[in-house]
Amino acid sequence: MSQRPYSIAAFREAARTLAATGHRLYQQGWSPATSSNYSIRLNAGHAAITCSGKDKGLLEETDIMVVDLQGQPVGDGKPSAETLLHTQLYRRYDEVGAVLHTHSHATTVLTMHWPADHLTLEGYELLKALEGITTHDTRVTLPVFDNTQDIAELSARVDQAMDQGLAHHAYLIRGHGLYTWAADMATCYRQLEALETLLAIELDRRRLG
Ligand SMILES: CSC[C@@H](O)[C@@H](O)C(=O)COP(=O)(O)O
Ligand SMILES: [Zn+2]
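None of these values were measured; they are calculated from a predicted model. Each chain has its residues counted from 1, running along the sequence as written. Throughout, the order in which chains and ligands are written sets their labels, letters from A for the former and numbers from 1 for the latter. Selection of residues for local features in this predicted model requires a pLDDT of at least 70, selection of side-chain atom pairs for listing and counting requires 80 or more, and totals for whole chains, interfaces and linings are taken over all residues. Hydrogens and waters are ignored; side-chain quantities use all the structure's heavy atoms.

Quick look at the coordination of the zinc ion (ligand 2) now. For the zinc ion (ligand 2), the full set of protein donor atoms is E82 (OE), H101 (NE2), H103 (NE2) and H176 (NE2), and the range of their distances to it is 2.1 to 2.6 Å. One can describe the donor arrangement at the zinc ion (ligand 2) as octahedral, given that its six donor atoms subtend angles of 74 to 174° at the metal. Counting along the primary sequence, the residues that act as donors to the zinc ion (ligand 2) give the motif E-x18-H-x1-H-x72-H. Note that H103 is positioned in the loop between β5 (98-102) and α3 (105-113) and H176 in the loop between β8 (170-173) and β9 (177-182), a separation of 73 residues in sequence. Metal coordination here is assigned from N, O and S atoms located within 2.8 Å of the ion, or within 3.2 Å for Na, K and Ca; omission of water means that sites may look incomplete. Between 85 and 135 degrees for all angles marks four donors as tetrahedral; over 155 degrees for opposite donors together with 65 to 115 for all other angles marks four donors as square planar and six as octahedral; every other arrangement is irregular. Helix and strand assignments follow DSSP, with helices taken as H or I runs no shorter than four residues and strands as E runs no shorter than two, numbered in order from the N terminus.

Below is the structure:
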């Protein structure tokens, strides 16, 4: 009998956390129409991730599966179409323990209406919700990558940008959404909530002119 390459207890806890996270993010309006994907690292070589095409407002523990860090399924299930954007982060940074991806109104309008390849958040107290930031007197630059259906190609572009020192807490994909990552899900959720709130504020401020 072959042994699972991860702890079943760790998987069950991750599946519970991911399902609850989906409910919260759906209620915020940041994960509509089956969009978004979420993951938690299980160990050095595996992550629990949402299966593809699931309604995040109704997400269940059975909608979570395991992939290796090459993005290959371990066991049954069809992993998120964007799995490689998660595994790129887990492979690159040993300290990353959770990844969240959302499709909010604000990230979509900001990246579709303004053609810039980055978006800057500066001077906001809420930036202190991001890992490692201790003052409002700071600037966070989020790279904006053009969207594609070739996720392997996009994950290579993200990796190259990180080689150049870009993308410390999060990045945006044009007309698509936000990816953010942190050491654990509580930190990652806090960071996501801060970023989505600040991006909605940024959109309002630009509308006001
Ligand atoms: C339903 S449109 C959104 C998808 O194309 C995709 O961007 C997404 O976030 C969800 O894909 P999934 O394969 O369910 O993880
Ligand atoms: Zn997406």
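Still more ground to cover, so stick around.
Here we come to the site of ligand 1. By convention in this text, a residue qualifies as near a molecule or strand provided that one of its non-hydrogen atoms is within 4 Å of it. Near ligand 1 there are 13 residues, and of these S52, G53, S80, A81 and E82 occur at the shortest range. Residues adjacent in sequence count toward polar contacts only when both atoms are side-chain atoms; beyond that, a polar contact is any pair of N or O atoms within 3.5 Å, and within protein one must be able to donate a hydrogen and the other to accept it. With respect to ligand 1, the side chain of N37 contributes an N or O atom lying 2.9 Å from an oxygen atom. In the model, an oxygen atom of ligand 1 is placed 2.6 Å from a nitrogen or oxygen of the E82 side chain. For the area figures, the Shrake-Rupley method with a 1.4 Å probe applies, and any residue is considered shielded solely by the protein chains shown. Within the complex, 74% of the 420 Å² of free accessible area of ligand 1 lies under protein. Charged residues are taken to be Asp, Glu, Lys and Arg, nonpolar residues to be Ala, Val, Leu, Ile, Met, Phe, Trp, Tyr, Cys and Pro, and polar residues to be all remaining types, Gly included. Of the residues contributing to the shell around ligand 1, the split by class is two nonpolar, ten polar and one charged.

Attention now moves to the packing of α3 against helix α5 (residues 185-208). A fitted line through C-alpha atoms serves as each axis, taken over the contacting stretch for helices, and the angle formed by two N-to-C directions is quoted from 0 to 180°. Orientation of α3 relative to α5, taken along the N-to-C sense of each, is 50°, at an axis distance of 8 Å. In terms of orientation, α3 lies oblique with respect to α5. For the crossing formed where α3 meets α5, the hand is left-handed. Here H105, A106, T107, V109 and L110 of α3 come into contact with α5, specifically with E196, L199, A200, L203, R206 and R207. Every angle not falling under 35 degrees, over 145, or within 65 to 115 is termed oblique; those three ranges are roughly parallel, roughly antiparallel and roughly perpendicular. Definitions for this section: a left-handed crossing has its near helix turned counterclockwise from the far helix by less than a right angle. A right-handed crossing has that turn clockwise. We call two residues in contact when some of their heavy atoms are within 4.5 Å.

Taken across its five residues, β5 has five buried, putting it largely inside the fold. The alternating pattern of β5 places A98, L100 and T102 and V99 and H101 on opposite faces, both of which are buried. Strand pairing is assigned whenever DSSP identifies at least 2 bridges connecting the two strands. Inspection of the sheet shows strand β1 (residues 37-43) paired to β5 by four bridges, in the antiparallel sense. Note on β5: the bridge partner recorded for N37 is H101. Inspection of the sheet shows β5 paired to β9 by five bridges, in the antiparallel sense. The residue of β9 that forms the bridge with A98 is A182. The buried label goes to any residue with under 20% of its type's maximum accessible area, the exposed label to any with over 50%, and the partly exposed label to all in between, with areas taken from a 1.4 Å probe on protein chains only.

The next thing to look at is the UniProt feature "binding site: Zn(2+)" (unreviewed entry) in the protein chain. In the numbering used here, UniProt assigns the feature "binding site: Zn(2+)" (unreviewed entry) to H101 and H103. Note that H101 resides in strand β5. Dropping the residues within four chain positions of it, H101 is found in contact with S36, N37, Y38, E82, H176, G177, L178 and Y179. Look past the residues within four positions of H103 in its chain and what remains in contact with it is W30, P32, S35, S36, H176 and G177. UniProt positions are given in the numbering used here, feature names are shortened, and annotations may be inferred rather than shown by experiment.

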